[in-house]
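Structural overview
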Amino acid sequence: MRSERKKKKEDETVLPDAAAFEEAQKEEKTNALEASAPKPIAFDKKKKGREEAYPENEYYLKIAAKFKWAKYFAAVLTVVFFLAMISIFRKDITLENFRYLLRDMNTDSTKYTDVYSTIYYDSVGDTDFALFRDYLAVVRPGDTLLYSSEGKTVLSVTNDYIAPHVLSTDSFFLVYDFGQTTQQFSVMNAFSKLYDGKTSAPIAGAAASPTGLFAFILKNADFRGVVEIYDGDFDVISRVYTDRYVTHIAFSDDGTRLLIVSLTDAGGGWVSEVSVVDPYNDQSVFSVSVPGEMLISGAFSGDTVTVSGDGGVYHFGAAGEKLSEEYFSGKTPTDILTGKGKYAVCFNTTILGTGKTVLCTGEGTDPLTVKVDGKIEAYTFSDTDLWIVSEKKLYRFPLSGGDAVIRPIGDGCQRLFMLDDDKLLTCFGNYAEVVLLSGDGETAR
């Protein structure tokens, strides 16, 4: 019994044959690999059958290759286009323009809804207005305000100005303190104040160009007239000194020319001068003397320069040649209206000035004469009409010479701005509202 147990124990401790054990392991690994390998399925057979049934089409392969190269060409062309646009319009790629882009994408804006709200503001002292893009700039002593057409305040900046005036262009609006005051000015857009500056002498007038240039008439102690010209970086690029009194300045539409109207007394009479200069180097393009005339205003209309004074209206060409003139026959103008390359002068029809005759004039066109019943409180030009506010009446005078249309308007209108062909923005002492022009008015004959 003991011998059997001993033998059984010895049999349990005997190791298996090494070669057989290794062969068994190899066989087990092989079975495992075969079990994990993917098995052919019927889909593979169907796919192979389809490939055999529909062989490759050389025609469509060629078209596919052409489209592939067209895709690469379009990608390269797009990159070249963006690089070219960035290099050409790099000055226009600004944070400000990007903000305007985001604002214009707002579908609640009047740009899309065509809904205008009444704009309310406080009536404080002398107030000046300007239309900056589709915003209304309201400038008064102590405040510079910008309102959207929905009536919301989009910008509010305090100022120290005593007699503030405002001018606007497509890219900025200029606020300056007129007269013997602070000599300060500010350049602003719809989002912030861009620049604060101070001139070397009191400001007697200003002009602004859509290209970013602006200029001031200064009252200098050493010269009768000084014109200081700034570029888009707010640096003084030139100064024009003259021994005459500068009465008016104006930029051409492209900003490449600056009109300077000045006058002096000689032998007991007035002698005026009409000068056009290059603002970048203060070199004169032309200069013409007009003896016996006191010129006080002027404007560009394309290449034509129109100036007027107490005796008549004069039109000059690009080289300074006189094109035409209209004399006032002893009448003295009381108002001069300019805008959109158009020009008009006004005369009293009564001693008390309770009526006006308006003479619209342009080079190469017959003068148009219209009349209003009272003083001219506000005016604006459109492409086809002259709009005048007088004595709670809004007059529409077609420049073609047709019948005038009159409609009632609130008391105290101070400024008019054309928004488009059928909308007029009217500014009063403490509010501004849009007037729709599609309705009929009373025809005046």
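Each chain has its residues counted from 1, following the order in which its sequence is written. Only residues with pLDDT of 70 or above have their local features reported here, since the model is predicted, and side-chain atom pairs are shown and tallied only from 80 upward, although totals for entire chains, interfaces and linings are computed over all residues. Water and hydrogen atoms play no part in the side-chain values, which are based on all heavy atoms of the structure.

Bringing the environment of isoleucine 409 into the picture now. By secondary structure assignment, the location of isoleucine 409 is in the loop between strand E29 (404-408) and strand E30 (415-420). Think of it in three bands: with a 1.4 Å probe and only protein chains considered, a residue is buried below 20% of the maximum accessible area for its type, exposed above 50%, and partly exposed in between. For isoleucine 409, a relative accessible area of 13% corresponds to the buried category. For the pair formed by isoleucine 409 and glutamate 391, sequence separation is 18 residues and the distance between their alpha carbons is 8.7 Å. Beyond its immediate chain neighbours, meaning those up to four positions away, isoleucine 409 contacts Val389, Lys392, Lys393, Leu394, Thr426 and Phe428. Helix numbers and strand numbers start at the N terminus; a helix is a DSSP run of H or I with at least 4 residues, a strand a run of E with at least 2. A contact between two residues is defined here by any heavy atoms of the two lying within 4.5 Å.

This paragraph deals with the sheet that holds strand E13 (residues 236-242). Strands sit in the order E10-E11-E12-E13 across an open sheet of four strands; the sheet is antiparallel. Looking at which strands have only one partner, the edges of the open sheet turn out to be strand E10 (203-208) and E13. On average, each strand axis in the sheet is tilted by 15° relative to the strand beside it, whichever way the strands run. Here the rule is simple: two strands pair whenever DSSP picks up at least two bridges between them. Angles shown run from 0 to 180 degrees and are taken between the N-to-C directions of axes, each axis being a line fitted to C-alpha atoms and, for helices, limited to the stretch in contact.

Moving on, we come to the pairing of strand E11 (residues 214-218). Judged by how many residues are buried, E11 sits mostly within the fold: five of five residues are covered. A two-sided burial pattern is seen for E11, the buried positions comprising Phe214, Phe216 and Leu218 on one face and Ala215 and Ile217 on the other. Summarising the sheet, E10 and E11 pair through five bridges and their orientation is antiparallel. In the sheet register, glycine 205 faces E11, and the bridge partner there is isoleucine 217. Turn length for the E10-E11 hairpin, with the two strands adjacent in sequence and antiparallel, is five residues, and the turn residue glycine 212 shows positive phi of about 110°. Relative to strand E12 (residues 225-230), E11 runs antiparallel, the two sharing five bridges. In the sheet register, phenylalanine 216 faces E12, and the bridge partner there is glutamate 228.

Before going further, it helps to spend a moment on the sheet that holds strand E20 (residues 312-316). Spatial strand order, E18-E19-E20-E21: four strands in an open sheet with antiparallel pairing. Edge positions in the open sheet fall to strand E18 (295-301) and strand E21 (322-327), since each of these has one partner strand only. The sheet shows a mean angle of 15° between the axes of neighbouring strands, taken without regard to direction. Pairing geometry for strand E19 (residues 304-309) and E20, over four bridges, is antiparallel. Across the sheet, the residue bridging to serine 308 is valine 313, located in E20.

A few words on the side chain of lysine 423. With respect to the helices and strands, lysine 423 occurs in strand E31 (residues 423-427). In protein, a polar contact means a hydrogen-donor-capable atom and an acceptor-capable atom, both N or O and within 3.5 Å, with residues adjacent in sequence counting only if both atoms are side-chain atoms; elsewhere, any N or O pair within 3.5 Å suffices. One polar contact links lysine 423 to aspartate 422, side chain to side chain, over a distance of 3.3 Å.

Moving on to the confidence of the model for the protein chain. pLDDT: the predictor's confidence for each residue, scored from 0 to 100. Mean pLDDT over the protein chain: 82, with 80% of residues reaching 70 or higher. No element of the protein chain has a lower mean pLDDT than helix H6 (residues 110-113), which averages 52, and none a higher one than E11, which averages 96.

Here, a salt bridge means any Lys or Arg side-chain nitrogen found within 4 Å of an Asp or Glu carboxyl oxygen. Under the counting rule described, the total for this entry stands at 13 salt bridges. Measuring nitrogen to oxygen at the nearest pair gives 3.6 Å for the salt bridge that ties arginine 244 to glutamate 273. Of this pair, arginine 244 sits in the loop between E13 and strand E14 (245-251) while glutamate 273 sits in strand E16 (residues 269-278), and the two are 29 residues apart along the sequence. Residue classification places arginine 244 among the buried positions, given a relative accessible area of 13%. Looking at glutamate 273, the relative accessible area reads 17%, which means it is buried. Beyond isolated ion pairs, a larger network of salt bridges with shared partners links Asp420, Asp422 and Lys423.

Another aspect to go through is the nonpolar core. Definition of nonpolar core: a set of buried residues of the types Ala, Val, Leu, Ile, Met, Phe, Trp, Tyr and Cys, connected through side-chain atoms within 4.5 Å. Ranked by internal contacts, the top residues of the largest apolar core, which has 16 residues, are Leu337, Val358, Leu386, Ile388 and Phe397. The biggest single contributor to this core is strand E25 (residues 368-372), with three residues. With sequence-adjacent residues up to four places away left out, leucine 337 is seen in contact with Lys342, Tyr343, Ala344, Cys346, Val358, Tyr379, Phe381, Leu386 and Ile388.

A word on the pairing of strand E9 (residues 193-198). Inspection of the sheet shows strand E8 (residues 184-188) paired to E9 by five bridges, in the antiparallel sense. Across the sheet, the residue bridging to phenylalanine 185 is glycine 197, located in E9. Between E8 and E9, which pair antiparallel in sequence order, lie four residues.

With phi around 70°, phenylalanine 234 is a residue other than glycine that occupies positive phi space. One can find phenylalanine 234 in the loop between E12 and E13. Phi is positive for glutamate 391, close to 55°, though the residue is something other than glycine. The topology assignment puts glutamate 391 in the loop between strand E27 (385-390) and strand E28 (393-398). Owing to a relative accessible area of 47%, glutamate 391 belongs among the partly exposed residues under this scheme.

Looking now at a nonpolar patch on the surface. The patches reported here contain residues having more than 30% relative accessible area and no salt bridge. Joining distances are 9 Å for like charges and 5 Å for nonpolar side chains (Val, Leu, Ile, Met, Phe, Trp, Tyr). Surface accessibility in these figures is a Shrake-Rupley result with a 1.4 Å probe; residues are shielded only by whichever protein chains are displayed. A cluster of nonpolar side chains, namely Phe81, Phe82, Ile86 and Ile93, defines an oily patch on the protein surface of about 430 Å² accessible area. Positionally, phenylalanine 82 belongs in helix H4 (residues 58-88).

Further remarks concern the environment of tyrosine 431. Residue placement: tyrosine 431 occurs in strand E32 (residues 431-436). Separated by 280 residues in sequence, tyrosine 431 and glycine 151 place their C-alpha atoms 9.8 Å apart. If near-sequence neighbours (up to four positions away) are discounted, tyrosine 431 is found in contact with Thr118, Ile119, Tyr120, Tyr121 and Thr426.

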